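Analysis of the macromolecular model
Here is what each chain is made of, one letter per residue.
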Amino acid sequence: MATANSSNILSSTFYLTGIPGYEEFHHWISIPFCLLYLVGIMGNCTILHIVRTDPRLHQPMYYFLAMLSLTDMGMSLPTIISLFRVLWSISREIQFNTCVVQMFFIHTFSFTESSVLLAMAFDRYVAICQPLRYATIFTPTLITKIGIVALLRSALPVIPLLARLAFFPFCHSHTLSHSYCLHQDVIRLACADTKFNVIYGLVLITLLWGMDSLGIFVSYVFILHSVLKISSQEGRFKALNTCASHICAVLILYVPMIGLSIVHRFAKHSSPLVHIFMAHIYLLVPPVLNPIIYSVKTKQIRQGVLHLLFTLKLSSSVM
């Protein structure tokens, strides 16, 4: 009975991994991670605050940008506690239920971010190709529906994938490759037939990311076709410049995402540092860089950030 109980306890506990071979430097390594998380949180919160408080930004393009900031934070925030628990040598253990919840948020919001980028591509298509219909197409009601559908479309298909994990015995090392839980990392530790999860996961990725990336690509084909019809070079440049931030956001999400999938599928025996490096790029780069890119490339956001900084400086000098 005692053996069975201890086995059940063991099967419900996983052990997270920091930076293998650099355990004595974990405290120092935690400093840049802490700074990156702070930059990401502050940047996205600033975007949300500016969009909410500036009436000039109450437009579809900026509502979608606010959605992007929310999904960025939703994808990265669930990993903060487990990451710093490992790097600060508090504990490497994570319970199965906590691991499943963490996986749910990470995978759901990564799919949601892809859906939001598709909506932003369609927004740019309508703004450039059908500008006279822009206000009538992107109504507040439609934008709200897009946000809800994007979240449900991403969350509901993930539930069956994670629910099956509760029925798997985990009799291998129980040591995960990262400082947080990913489905593709947990499933390799299962001592059962995981064919359904593997195939379902691949189909899910292909359908959601594949459809989103195809939709983004088709949108930009029409955008380029429309831009090339503009007679003046200045007009073409101005039209394409409105898409620059979105193109960067797409690359920032998809390149690390594809890289991490390739590493897990085809480079299982590569150095653990490669897996860890790609996993943290996948979660940290979009939340950190997206606010910076949109602040630099979008005039209205840049003005809002400068106005906010000036207001804060003025209030601090008065006090």
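Everything quoted here is computed from the prediction, not taken from an experiment.

On to unusual backbone geometry, then. Phi is positive for Ser 89, which is not a glycine, with a value near 60°. Here Ser 89 shows up in the loop between α4 (80-87) and β2 (93-95).

Time to look at the packing of helix α3 (residues 60-76) against helix α7 (residues 140-155). Remark: α3 packs on α7, axes separated minimally by 11 Å, with the N-to-C direction vectors making an angle of 20°. Between α3 and α7, the interaxial angle falls into the category roughly parallel. For the crossing formed where α3 meets α7, the hand is right-handed. Where α3 approaches α7, its residues Pro 60, Tyr 63, Phe 64 and Met 67 are matched on the opposing element by Ile 143, Ile 146 and Gly 147. Taken together, the residues of the contact of α3 with α7 break down into six nonpolar, one polar and no charged.

Once that is clear, we can look at the packing of aromatic side chains. Per the stated rule, a full pass over the model turns up 14 aromatic pairs. Note on Phe 111 and Trp 209: the rings are 5.2 Å apart at their centroids and 55° apart in plane angle, and the pair reads as tilted. With Phe 111 in helix α5 (residues 96-129) and Trp 209 in helix α10 (residues 195-227), the pair connects residues that are 98 residues apart, well separated along the chain. Accessibility expressed as a relative area gives 12% for Trp 209, which makes it buried.

On to the pattern of salt bridges. Counted according to the given criterion, the structure contains four salt bridges. Residue Asp 123 is joined to Arg 124 by a salt bridge in which the shortest nitrogen-to-oxygen separation is 2.9 Å. Here the two residues Asp 123 and Arg 124 agree in accessibility, since each one is buried.

Now for the environment of Asp 193. By the secondary structure assignment, Asp 193 is in the loop between α9 (183-186) and α10. Overall, Asp 193 belongs to the exposed group, its relative accessible area being 57%. Taking the C-alpha atoms as reference points, Asp 193 and Phe 168, separated by 25 residues in sequence, lie 8.5 Å from one another. Asp 193 has contacts with Arg 164 and Phe 168, leaving out every residue within four places of it along the chain. Separated by 3.1 Å, the side chain of Asp 193 and the backbone nitrogen of Lys 195 make a polar contact.

Right, let's talk about the state of the cysteines for a bit. Under the counting rule described, the total for this entry stands at one disulfide. Each sulfur in the disulfide pair Cys 99 and Cys 181 lies 2.0 Å from the other. Judged by the sign of its S-S torsion, about -120°, the cystine formed by Cys 99 and Cys 181 is left-handed. Of this pair, Cys 99 sits in helix α5 while Cys 181 sits in the loop between α8 (158-163) and α9, and the two are 82 residues apart along the sequence. Among the residues examined, Cys 181 registers a relative accessible area of 0% and is labelled buried. With no disulfide of its own, Cys 129 lies 8.8 Å from the sulfur of Cys 243, the closest cysteine sulfur. Given a relative accessible area of 24%, Cys 129 falls into the partly exposed group.

Rules behind the numbers
Residues numbered from 1 in each chain as written. Predicted model: local features only at pLDDT ≥ 70, side-chain atom pairs only at ≥ 80, totals over all residues. Heavy atoms only, no water. Helix = DSSP H or I, 4+ residues; strand = E, 2+ residues; numbered from the N terminus. Axes fitted to C-alpha atoms, helices over the stretch in contact; angles between N-to-C directions. Parallel < 35°, antiparallel > 145°, perpendicular 65-115°, else oblique. Left-handed = near helix turned anticlockwise from the far one by under 90°. Contact = heavy atoms within 4.5 Å. Nonpolar A, V, L, I, M, F, W, Y, C, P; charged D, E, K, R; others polar. Phe/Tyr/Trp six-rings, centres within 6.5 Å; stacked < 30°, edge-to-face > 60°. Buried < 20%, exposed > 50% of the residue type's maximum accessible area, 1.4 Å probe, protein only. Salt bridge = Lys/Arg side-chain N within 4 Å of Asp/Glu carboxyl O. Polar contact = N/O pair within 3.5 Å; in protein donor to acceptor, adjacent residues only side chain to side chain. Disulfide = S-S within 2.5 Å.

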